Amino acid sequence: MVQAPALPARAAKQLASGSRVMMRALNFTPSIPRYVFAKLLDGRYPVRGLPLHLVHLPEPTPPRGFERLKVRLAGVCGSDLALLYGRSSPALAPFYSFPAVLGHEILAELGGVRVVVNPLLTCHERGLPDCPACAKGDDHRCQNLTEGNFRPGILGYCSDLPGGWSERLVAHRERIFPVAESVPDERAVLTEPLAVVVHGVQQALAKDWPDEILVVGGGTIGLLSVAVLRALGFEGPIHAVVRRNHAAQWARAFGANVTYPSVREAQKAQKYVSYRGLLGKRAWRGGFGAVIEASGNPAALQDSSWAVAEGGRILLLGSPGGALHDFSPYWFREVRLLGSYAYNWDAFATAVKLLPELEGIEVLVGQQFGLESWPEAIRAAKRGGAKVVFKP
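Just so you know, these numbers come straight off a predicted model, no measurement behind them.

The rules behind each value
Residues numbered from 1 in each chain as written. Predicted model: local features only at pLDDT ≥ 70, side-chain atom pairs only at ≥ 80, totals over all residues. Heavy atoms only, no water. Helix = DSSP H or I, 4+ residues; strand = E, 2+ residues; numbered from the N terminus. Contact = heavy atoms within 4.5 Å. Buried < 20%, exposed > 50% of the residue type's maximum accessible area, 1.4 Å probe, protein only. Polar contact = N/O pair within 3.5 Å; in protein donor to acceptor, adjacent residues only side chain to side chain. Core = buried A, V, L, I, M, F, W, Y, C linked by side-chain atoms within 4.5 Å. Axes fitted to C-alpha atoms, helices over the stretch in contact; angles between N-to-C directions. Parallel < 35°, antiparallel > 145°, perpendicular 65-115°, else oblique. Left-handed = near helix turned anticlockwise from the far one by under 90°. Nonpolar A, V, L, I, M, F, W, Y, C, P; charged D, E, K, R; others polar. Pairing = 2+ DSSP bridges. Patch = residues over 30% accessible without salt bridge, like charges linked within 9 Å, V, L, I, M, F, W, Y side chains within 5 Å. Areas by Shrake-Rupley, 256 points an atom, 1.4 Å probe, with all protein chains shown as cover. Salt bridge = Lys/Arg side-chain N within 4 Å of Asp/Glu carboxyl O. Lys, Arg positive; Asp, Glu negative; His and termini not counted. Charge placed at Lys NZ, Arg CZ, Asp CG, Glu CD.

(A) Up close: the environment of P193. For P193, the location among the structural elements is in helix 5 (residues 191–204). In this structure the C-alpha to C-alpha distance between P193 and F348, which are 155 residues apart in sequence, comes to 9.5 Å. Beyond its immediate chain neighbours, meaning those up to four positions away, P193 contacts E105, T220, I221 and L224.

(B) Quick look at helix 9 (residues 298–307). Most of helix 9 is tucked away: seven of the 10 residues are buried. Buried residues of helix 9: A300, L301, Q302, S304, S305, W306 and A307, and no others. Where helix 9 begins, one side-chain oxygen reaches toward the backbone nitrogen of A299, 2.8 Å away; that side chain belongs to N297.

(C) View of the nonpolar core. Membership of the largest hydrophobic core comes to 104 residues, with the highest contact counts inside it found for L69, W165, L205, L229, I292, I378 and F390. Contacts of L205, omitting those with residues within four sequence positions, involve G200, P210, I213, L229, A290, I292, R313 and L315. Residues A266, Y272, W284 and I314 belong to the second largest nonpolar core, which totals 19 residues.

(D) Quick look at the packing of helix 5 against helix 6 (residues 220–231). The geometry of helix 5 relative to helix 6 is characterised by a closest axis approach of 9 Å and an angle of 55° between their N-to-C directions. The angle between helix 5 and helix 6 falls in the class oblique. At the point where helix 5 passes helix 6, the crossing takes the right-handed sense. Within the contact between the two elements, helix 5 uses P193, L194, V196, V197, V198 and V201 and helix 6 uses T220, I221, L224, S225, V228 and L229. Of the residues that constitute the contact of helix 5 with helix 6, the class distribution is 10 nonpolar, two polar and no charged.

(E) Examining the sheet that holds strand 16 (residues 336–339) more closely. Spatial ordering of the open sheet is given by 11-10-9-14-15-16, a layout of six strands whose pairing is parallel. Two strands close off the open sheet at either side, each with one partner strand: strand 11 (258–260) and strand 16. For this sheet the average axis-to-axis angle between neighbouring strands, irrespective of direction, equals 20°. Two elements, strand 14 (residues 288–293) and strand 15 (residues 308–316), share five bridges in a ladder whose sense is parallel. Paired with I292 across the strands is L315, a residue of strand 15. Lying over the sheet, helix 9 contacts strand 9 (213–216), strand 14, strand 15 and strand 16, oriented at roughly 150° with respect to strand 15.

(F) Layout of a positive patch on the surface. Among the surface-exposed residues, R48, R379, K382 and R383 lie close enough to one another that they form a single positively charged patch. Checked against the element boundaries, R48 lands in the loop between helix 1 (32–41) and strand 2 (52–58).

(G) Quick look at the pattern of salt bridges. Considering all chains together, one arrives at 16 salt bridges under this definition. Residues R24 and E167 are paired through a salt bridge, measuring 3.2 Å at the closest nitrogen-oxygen approach. Placement of the pair is R24 in strand 1 (residues 22–28) and E167 in the loop between helix 3 (132–135) and strand 7 (168–172), with a sequence separation of 143 residues. If you follow the salt bridges from partner to partner, you end up with R72, E109, R114 and D185 in one network.

(H) Main features of the sheet that holds strand 4 (residues 100–101). Strand order in this open sheet of three strands is 2-1-4, and the pairing throughout is antiparallel. The sheet is open, and its two edges are formed by strand 2 and strand 4, each paired on a single side. Two elements, strand 1 and strand 2, share seven bridges in a ladder whose sense is antiparallel. Paired with A25 across the two strands is V55, which belongs to strand 2.

Set out below in structure tokens:
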């Protein structure tokens, strides 16, 4: 197990307060009618109609083993937008609890020291004996997400503990990691999505690197995938499917050899063979040794199933939610599909250790908004491009 960096002595103590101080936070209160309308209207649903509100709440009191932190920056994740706009799978509802203060990509301060937060709430934080997954170090697969001292969820999706879209939060001491002084805030706030990529690549690819890899998606996860592949030692060709010109430039800067505007263009450039099927469908022979699907787009996952080589691997980092999907390529071409959710403790610690050497990824962070400007922040996040963050 990777050892967490030690907190400086000045950050080891948290000043106790005898009175309840109020703080501002963005609270998500689910509504079935709004969920249905948001799902039907998708991007056309008015931002101010979302069940998200700026509220004043008492600062959280740290449970035993937890520390109160001051939020510096908190990112807006694609999963947050999926929740707000009705794209999340209803089947996952039992593993989260609402109303809740959102925000799980967190850069904060403890005693004046900058720290990043692993938002998982597993057996240890919930006051329970280790389940089999936690006992093996796979705490991201914890079997007790709905049990113990807190309601279901992680920080940012738990009604008992506020997430990072607030001025203050509490986190368990073992989930708090100091950030090196050389790392700018805009890079540090990317630690959580970086950990997602580190874990996925380590599990699916790094143990047996393929000859070449196609990364699908020009958002934060896709571009970080390119950077992490290089940081973890992959030396083969990296192909990237990105639609925006600036994302293509970033992908090449992070280590991609070539970029394409679509999966089909990537396949054509490599001269893989296409066959015309019935009803306008197409099938392919040949493909990339591995594909990282990082867009969260169901259509992109379908394209990836034909873009990977026979016997190849698809790493699913994006969250496509519910969709109609043709599984015949996996069977006919013996393709392996591996979903990767979150990260274990070691992967998060590895992401923190990589921050000093991943110079330049901070360009992925764009506009910073105050909590009161949340409608503008959500609109900017919906447009895509750079990562949107809150600065409470």
